[in-house]
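Here is what each chain is made of, one letter per residue.
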Amino acid sequence: MAPRAFEGVEALFDFGLLSDILGSAPRLDRLARLIAIEMARGREPNAILRLAALSVFVAEDAPRLAARFKLSNADQALLALGADETLDAALPGEDAAKRLLYKIGAERFPPKVLLAWAASGAPAEADGWLRALALPDRWQAPAFPLRGPDITALGDFKGPEIGAMLHALEQHWIEGGFADDRERLLARAKELAAQT
C-alpha cells in the first residue's frame with residue numbers, strides 16, 4: 001500500500017475521476033478515519049478493507065465492486081463487511097461485540113470492527129473501540145449447546161420446526177449473554193415444545 005495513498009485518492013476525487021473508477025460516490029471521510037486507525041494502532045494496511053471503507057454503502061455494492069475490479073470471493077466477502085445495514089449501532093459495547101464475534105467468527109471480526117469504528121467517527125484512540133477490537137484475545141465465543149436431536153427427543157418435530165425452535169433458543173441464548181447452560185436451554189426447549 002502506498003504511504004500516501006489517501007492523497008492519491010483525494011486527487012482522483014478532486015479531478016472528478018474517483019466516482020467514475022468506483023462506479024459510485026466515495027466516502028472519503030470513512031476512508032480517512034480507517035487509515036488513521038490503522039496508523040495509530042500500527043496495523044498493516046489492507047487494500048480491500050480500505051476499498052470497503054471508501055465505497056461500500058449497501059450489501060449490493062460488494063458484488064458490484066468485486067466484478068468491476070475482478071476480485072476474489074474472499075475479497076468480496078471482506079467488502080460486504082462494510083455495508084451500512086450490517087453495522088451494529090451498539091458497538092463498541094462489550095455485549096454487542098460478543099454477539100458480533102459469535103455471529104461472524106474471529107477471522108472476520110477485526111475487519112468488521114475496524115469498519116464500524118471508522119463509520120462511527122470515533123477517534124483512533126477511543127478506548128471502547130480498542131477494547132472491542134481486542135475482544136478475541138480475551139474471550140472465545142462458545143458453541144451453542146443444543147442440536148437437532150435435542151429437539152426431536154422432545155416430540156415429533158420435523159425439519160422446519162426443529163430449525164425454527166433451535167433458532168429461537170439460540171437467539172434467547174445470545175440475548176441472555178450466552179449465560180444459559182445446556183440444562184437451562186433444554187428446559188426452555190421443553191417449554192417451547194409444550195406450546196406447539
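All figures in this text were calculated on a predicted structure; none of them were measured in a lab. (Residues numbered from 1 in each chain as written. Predicted model: local features only at pLDDT ≥ 70, side-chain atom pairs only at ≥ 80, totals over all residues. Heavy atoms only, no water.)

Draft legend 1. Expanded view of the nonpolar core. Of all hydrophobic cores here, the largest spans 60 residues; its most connected members are L79, W117, W129, F144, I151 and L169. The biggest single contributor to this core is helix α7 (residues 94-120), with 13 residues. Look past the residues within four positions of L169 in its chain and what remains in contact with it is F144, L146, I151, L185, R188, A189 and L192. (Core = buried A, V, L, I, M, F, W, Y, C linked by side-chain atoms within 4.5 Å. Buried < 20%, exposed > 50% of the residue type's maximum accessible area, 1.4 Å probe, protein only. Helix = DSSP H or I, 4+ residues; strand = E, 2+ residues; numbered from the N terminus. Contact = heavy atoms within 4.5 Å.)

Draft legend 2. Highlighting the pattern of salt bridges. For the structure shown, the criterion picks out 12 salt bridges. With a closest N to O distance of 3.8 Å, D29 and R33 form a salt bridge. Of this pair, D29 and R33 both sit in helix α3 (residues 28-41), 4 residues apart, which is roughly one turn of that helix. Residue D156 is joined to K158 by a salt bridge in which the shortest nitrogen-to-oxygen separation is 3.0 Å. With relative accessibility at 65%, the residue D156 sits in the exposed group. One network of salt bridges, in which partners are shared, links R27, R30 and D84. (Salt bridge = Lys/Arg side-chain N within 4 Å of Asp/Glu carboxyl O.)

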